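Each chain is listed here by its residues.
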Amino acid sequence: NEDYTAFMELTIPAKPPKKQIKKEHFAKAKTFLLDTYPDLSSINFLKFDQNKKEAIFVLQTYLDDKNYITIDAYKFIRTDKVWKLSGQVGGASFPKTGTGDDKKRIEKELKENKKFQLNSEQKNPPDKK
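Keep in mind that this is a model prediction, so the values were computed, not measured.

**Q** In this structure, what is going on with the pattern of salt bridges? I would like to understand it.
**A** Note on pairing: side chains with opposite charge can pair once their charged atoms come close. On inspection of all chains with the given rule, the structure shows 3 salt bridges. Measuring nitrogen to oxygen at the nearest pair gives 2.4 Å for the salt bridge that ties Asp 3 to Lys 30. Of this pair, Asp 3 sits in helix 1 (residues 2-10) while Lys 30 sits in helix 2 (residues 26-36); the two residues are 27 residues apart in sequence, bridging distant segments of the chain. With relative accessibility at 32%, the residue Lys 30 sits in the partly exposed group.

Given below as structure tokens:
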């Protein structure tokens, strides 16, 4: 299945290996994975940072939620010459005020929340070779 192959090539495998998605289970897991990762056509891109080994994307998701602001961070790890998604590394959600305070709160989260910083601890470090 080419979707399975592409997924495995672009993501850092789960640890331990028994937690990794098996090819025969991928079709069932695919729906869950599509629901887990945001639709990039319906997000606000808030922050990007990278160094030689890792990169982080911070997104505002669930834009249609009238009550809450949700921010999610996704980290990518460079393995050989390929960037691989290591998964979601953090998030925050807080009530909307409908005022300029919302923008200030987002800026504060981006600056102070360690989950949204590149140097935060990796959840799924790449295999050492």
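**Q** What's the story with the packing of aromatic side chains in this structure? I'm lost.
**A** Between two aromatic rings, the relevant description is the distance of the centres plus the angle of the planes. Counting across every chain of the model gives 6 aromatic pairs. Relative to Phe 26, the ring of Tyr 4 has its centre 5.5 Å away and its plane inclined at 75°; by these criteria the two rings are edge-to-face. Residue Tyr 4 is found in helix 1, and its partner Phe 26 is found in helix 2; the two are separated by 22 residues along the sequence. Under the relative-accessibility criterion, Tyr 4 is labelled buried at 14%. Plain terms: the ring middles of Phe 48 and Phe 57 are 5.0 Å apart, the flat faces sit at 70° to each other, and that makes the pair edge-to-face. Note on Phe 57: relative accessible area 29%, which makes it partly exposed. Among the aromatic residues, those joined into a cluster by ring pairs are Phe 45, Phe 48, Phe 57 and Phe 76.

Reading the values: the criteria
Residues numbered from 1 in each chain as written. Predicted model: local features only at pLDDT ≥ 70, side-chain atom pairs only at ≥ 80, totals over all residues. Heavy atoms only, no water. Salt bridge = Lys/Arg side-chain N within 4 Å of Asp/Glu carboxyl O. Helix = DSSP H or I, 4+ residues; strand = E, 2+ residues; numbered from the N terminus. Buried < 20%, exposed > 50% of the residue type's maximum accessible area, 1.4 Å probe, protein only. Phe/Tyr/Trp six-rings, centres within 6.5 Å; stacked < 30°, edge-to-face > 60°.

Remember, this is a structural readout, not a statement about activity or role.
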